Amino acid sequence: MSENVAVVIGRVGTGKTTAAEEISDRIEGIHVDTDTTRLSGVVPLAGRTEARYDAPENRATYALLAVKAVSALERGLTPVLEGSFSNIIERNQLLESLAGWTGEADTCFIHMVCDPEEARRRIQERENRECASEATTDTYDDMSFDPVTDEWLASHGIKRSSEIPDQIDGDTYVRVDNTGSIARLEERVGDISDALNQ
């Protein structure tokens, strides 16, 4: 059984996919994201060809994401889950789904944030290339994101770390500001990967 689960969360355009893919490569984990899970798993099962992004589809997507995480853990691999997890319900459902399956595994929530104008620019740039995400700048503007509060963290026994820790020891939450250069992001991702590997 793997010892860690990484969960990369945040609004669209904050660099979740880039961070999750890089972390997964560095720790030889399994990257599982909501966009691909939705489009290749949930939508075909529902007999549709396009995503609706409604509440039932969202619940099914996050549930399937958790199933994939458990499968990775049982094979001794570290799942690197990626999705907005924009509301408390989605975060609670993930933790409930993993409870009892993760054993001694620690969960590290990596909350990606960045300057709103930079996020919008990134979203516009990716509209011109093939990408699993169908998010637009309108999606960004319309999206609500429940804050990750100290009360919520405490209720689940998750400690807030103001800096990327040297190692993940217990369930942990860390906020990563991804405004700026790709080199800076790679440095932060390297630190997170090292902590997950300890």
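To start, this report covers the structure provided alongside it. Since this is a predicted model, take the numbers as computed values, not measurements.

### Re the sheet that holds strand β2 (residues 30-33)
- Spatially, the 6 strands line up as an open sheet ordered β2-β3-β1-β4-β6-β5, and their pairing is parallel. Looking at strand neighbours, the two that pair on one side only are β2 and β5 (159-161), the edges of this open sheet. On average, adjacent strands in this sheet sit at an angle of 20° to one another, irrespective of strand direction.
- In this structure, strand β1 (residues 4-9) lies alongside strand β3 (residues 79-82), joined through 3 bridges in parallel fashion. Note that in β3 the partner of Ala-6 across the bridge is Val-80.
- Where helix α1 (residues 16-27) meets the sheet, its contacts fall on β1, β2, β3 and β4 (106-113), and the angle it forms with β3 comes to roughly 175°.

### Looking at helix α4 (residues 88-98)
- Turning to α4, its buried residues are Glu-90, Arg-91, Leu-94, Leu-95 and Leu-98. Buried residues of α4, seen end-on, are gathered within an arc of 135° and therefore sit on one face of the element. In α4, the exposed positions angled more than 90 degrees off the buried face are occupied by Ile-89 and Glu-96.
- With its phi angle positive at about 90°, Gly-100 sits one or two positions after the end of α4.

### Comments concerning the pattern of salt bridges
- By the definition in use, this model includes 10 salt bridges.
- Here Arg-38 ties to Glu-57 by a salt bridge, and the two come within 2.9 Å at their closest N and O atoms. Residue Arg-38 is found in helix α2 (residues 34-45), and its partner Glu-57 is found in helix α3 (residues 55-74); the two are separated by 19 residues along the sequence.
- Here Arg-38 falls in the buried class, since its relative accessible area comes to 5%.
- Its relative accessible area of 3% is what places Glu-57 among the buried residues.
- For the salt bridge of Glu-57 with Arg-48, the shortest nitrogen-to-oxygen distance reads 2.1 Å.
- Put simply, Glu-118, Arg-121, Arg-122 and Glu-125 are held in one network by salt bridges that share partners.

What counts, and where the lines are drawn
Residues numbered from 1 in each chain as written. Predicted model: local features only at pLDDT ≥ 70, side-chain atom pairs only at ≥ 80, totals over all residues. Heavy atoms only, no water. Pairing = 2+ DSSP bridges. Helix = DSSP H or I, 4+ residues; strand = E, 2+ residues; numbered from the N terminus. Axes fitted to C-alpha atoms, helices over the stretch in contact; angles between N-to-C directions. Contact = heavy atoms within 4.5 Å. Buried < 20%, exposed > 50% of the residue type's maximum accessible area, 1.4 Å probe, protein only. Arc of directions from axis to C-beta. Salt bridge = Lys/Arg side-chain N within 4 Å of Asp/Glu carboxyl O.

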